[in-house]
Amino acid sequence: MSLEDGPDFFVWSLNLPEAARRFAAAHRIPVYHVEDGFIRSAVLQAGRTPPLSLIVDSRTPYFDSRQPSDLEVILSTYDFEADPALMDRAASAIEMLRRGGIGKYNSGELAGRPIYPAKTRRRVLVLGQVDGDASIRYGAARPITNDALVRLAAADNPDAEIIYKPHPDVLAGVRSSRARLDELARIATILRVRSPLAQALETIDHVYSMTSLGGFEALLRGIPVTVTGLPFYAGWGLTDDRHDNLRRTRRLTLTQVFAGAYLLYPLYFEPETGARTSFEDVIRTLYRPLAPAFQSEESRVSRRKALGLFGWRRSFLPLVSSLVGRVGTEEDARYFEAFPADFFQERPEAALRRIGALLFPPGRLGP
């Protein structure tokens with residue numbers, strides 16, 4: 001393919017190397033930012049499962065508040081009032097999510113008993129996020145920590161019961177957190193149960209979030225939300241915003257924001273064939289047990305192949321993990337240990353890609 005053929009660049013999130021960005025700009029090559037959609041899977045993202053939806057944004061990822069994304073443009077300009085069919089569809093879709101207790105990840109099984117004790121006063125849920133996550137770095141001009149968010153919620157609600165829910169990947173041990181749980185336990189109840197967010201929102205009167213999608217899922221269930229960052233659903237009159245943005249001046253209803261974010265913006269896929277499908281079909285699929293389909297024998301075989309015959313590459317994991325940690329972060333090192341071959345396939349750093357090519361040559365993941 002030559003430049004005359006009109007190529008496009010597709011990059012995961014904001015991971016386009018600077019040299020590639022300059023090349024694309026110089027040659028006027030369109031760049032599309034790919035992200036998981038807002039209905040992702042039946043198990044945690046860290047489970048390395050195929051996404052049920054993807055977002056392809058021609059401007060910037062939806063969480064990047066520094067400039068308008070395609071989603072922000074949709075929410076700023078789309079004539080929702082002139083599209084009653086879309087509004088009816090959105091209202092029905094919201095009810096499907098509520099009825100099924102469905103969110104972005106649908107990994108946890110409902111606990112056999114309530115996850116909270118009997119309610120005696122107002123309850124405020126604080127949604128934890130992964131420290132250093134791109135949605136925090138680029139979604140808030142003044143990022144705060146999980147600890148500070150809990151303390152803000154406690155200060156705003158002195159008579160309420162404060163509950164802190166760590167990010168699911170942190171509870172699963174895949175991602176790290178700098179939150180000092182022993183100190184936070186003095187002012188908040190730490191929710192350590194790995195349950196669906198829909199269940200964690202039961203009996204909750206108010207939610208605090210930095211930029212988490214969980215804040216929007218709370219809005220869908222009629223719960224007031226305070227945000228300290230600028231997630232896609234903030235700035236339209238639906239949330240208690242602690243972060244100003246002069247671009248977003250339009251007032252929207254919850255149904256309108258949902259229609260833009262869940263129906264007009266993402267692409268949806270059938271989980272077993274990869275064929276394009278609709279939001280409604282994906283939700284109907286999630287009503288069925290999905291986890292076995294994602295944890296296929298093929299994926300388990302691929303992991304065994306990545307480690308080599310008798311797992312010979314396993315002996316190198318500690319050394320390589322140390323190198324990965326030095327080039328990247330400690331979180332990268334843990335990610336590599338969990339998914340050794342896959343890790344290198346989506347890294348923008350040239351040094352890490354070279355390490356991956358040496359350990360796992362393309363097309364030679366067999367014994």
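What comes next is a walk through the structure.

A closer look at the sheet that holds strand 2 (residues 31–36)
Moving on, step 1. One open sheet holds the five strands; their spatial order is 1-2-3-10-11, and the pairing between them is mixed. The strands lining the two open edges of the sheet, one partner per strand, are strand 1 (9–12) and strand 11 (276–277).
Moving on, step 2. In the sheet, strand 1 pairs with strand 2 via four bridges, with the strands oriented parallel. Opposite tryptophan 12, over in strand 2, you have valine 34 as the bridge partner.

A few points about the packing of helix 3 (residues 84–100) against helix 11 (residues 279–286)
Angle between the axes and distance between the axes are the two parameters that describe a pair of packed helices.
Moving on, step 1. Look at helix 3 against helix 11: their axes get within 11 Å of each other, and the N-to-C directions meet at 15°. By the angle class used here, helix 3 and helix 11 are roughly parallel. When the axes of helix 3 and helix 11 are compared, the crossing they make is left-handed. Taken together, the residues of helix 11 that come into contact with helix 3 (itself represented by Arg89, Ala93, Met96 and Leu97) are Phe279, Glu280, Ile283 and Arg284.
Moving on, step 2. Residues that form the contact of helix 3 with helix 11 fall into these classes: five nonpolar, no polar and three charged.

A few points about the packing of aromatic side chains
Moving on, step 1. Enumeration over the complete set of coordinates arrives at 16 aromatic pairs.
Moving on, step 2. One aromatic cluster is present, built from ring pairs that chain together Phe38, Tyr62, Phe63, Phe216, Phe232, Tyr233, Phe258, Tyr262, Tyr268 and Phe279.

Re the environment of tyrosine 116
Moving on, step 1. Mapped onto the elements, tyrosine 116 comes out in the loop between helix 3 and strand 4 (123–127).
Moving on, step 2. Residue classification places tyrosine 116 among the buried residues on the basis of a relative accessible area of 11%.
Moving on, step 3. Spatially, the C-alpha atom of tyrosine 116 lies 8.8 Å from that of glutamate 202, the residues being 86 residues apart in sequence.
Moving on, step 4. Apart from residues no more than four positions distant in its own chain, tyrosine 116 is found in contact with Arg123, Leu125, Ile163, Leu191, Gln199, Ala200, Glu202, Thr203 and Ile204.
Moving on, step 5. For tyrosine 116, the side chain forms a polar contact with the main-chain oxygen of alanine 200, separated by 2.6 Å.

Describing helix 10 (residues 254–264)
Moving on, step 1. Within helix 10, nine of the 11 residues are buried, which leaves the element mostly enclosed by the surrounding structure.
Moving on, step 2. For helix 10, the complete set of buried residues consists of Leu254, Gln256, Val257, Phe258, Ala259, Gly260, Ala261, Tyr262 and Leu263.
Moving on, step 3. Summarising the contacts, the buried residues of helix 10 are in contact with helix 2 (70–77), helix 3, helix 9 (213–220), strand 10 (267–269) and helix 11.

Examining helix 11
Moving on, step 1. Within helix 11, six of the eight residues are buried, which leaves it mostly tucked inside the rest of the structure.
Moving on, step 2. Among all positions in helix 11, only Phe279, Glu280, Val282, Ile283, Thr285 and Leu286 are buried.

Topic: the packing of helix 2 against helix 10
Moving on, step 1. In contact at an axis separation of 10 Å, helix 2 and helix 10 are set at 140° when each is read in the N-to-C sense. Regarding the angle of helix 2 to helix 10, the classification is oblique. Where helix 2 crosses over helix 10, the handedness of that crossing is right-handed. Between helix 2, through Leu71, Ile74 and Leu75, and helix 10, the contact on the second element is made entirely by Gln256, Val257, Gly260, Ala261 and Leu264.

Some words on the environment of leucine 152
Moving on, step 1. Mapped onto the fold, leucine 152 is located in helix 5 (residues 146–156).
Moving on, step 2. When the C-alpha positions of leucine 152 and threonine 228 are compared, they lie 9.8 Å apart, and in sequence the two are 76 residues distant.
Moving on, step 3. What leucine 152 contacts, discounting residues up to four positions off in sequence, is Tyr208, Thr228 and Arg242.

So, how was this worked out
Residues numbered from 1 in each chain as written. Predicted model: local features only at pLDDT ≥ 70, side-chain atom pairs only at ≥ 80, totals over all residues. Heavy atoms only, no water. Pairing = 2+ DSSP bridges. Helix = DSSP H or I, 4+ residues; strand = E, 2+ residues; numbered from the N terminus. Axes fitted to C-alpha atoms, helices over the stretch in contact; angles between N-to-C directions. Parallel < 35°, antiparallel > 145°, perpendicular 65-115°, else oblique. Left-handed = near helix turned anticlockwise from the far one by under 90°. Contact = heavy atoms within 4.5 Å. Nonpolar A, V, L, I, M, F, W, Y, C, P; charged D, E, K, R; others polar. Phe/Tyr/Trp six-rings, centres within 6.5 Å; stacked < 30°, edge-to-face > 60°. Buried < 20%, exposed > 50% of the residue type's maximum accessible area, 1.4 Å probe, protein only. Polar contact = N/O pair within 3.5 Å; in protein donor to acceptor, adjacent residues only side chain to side chain.

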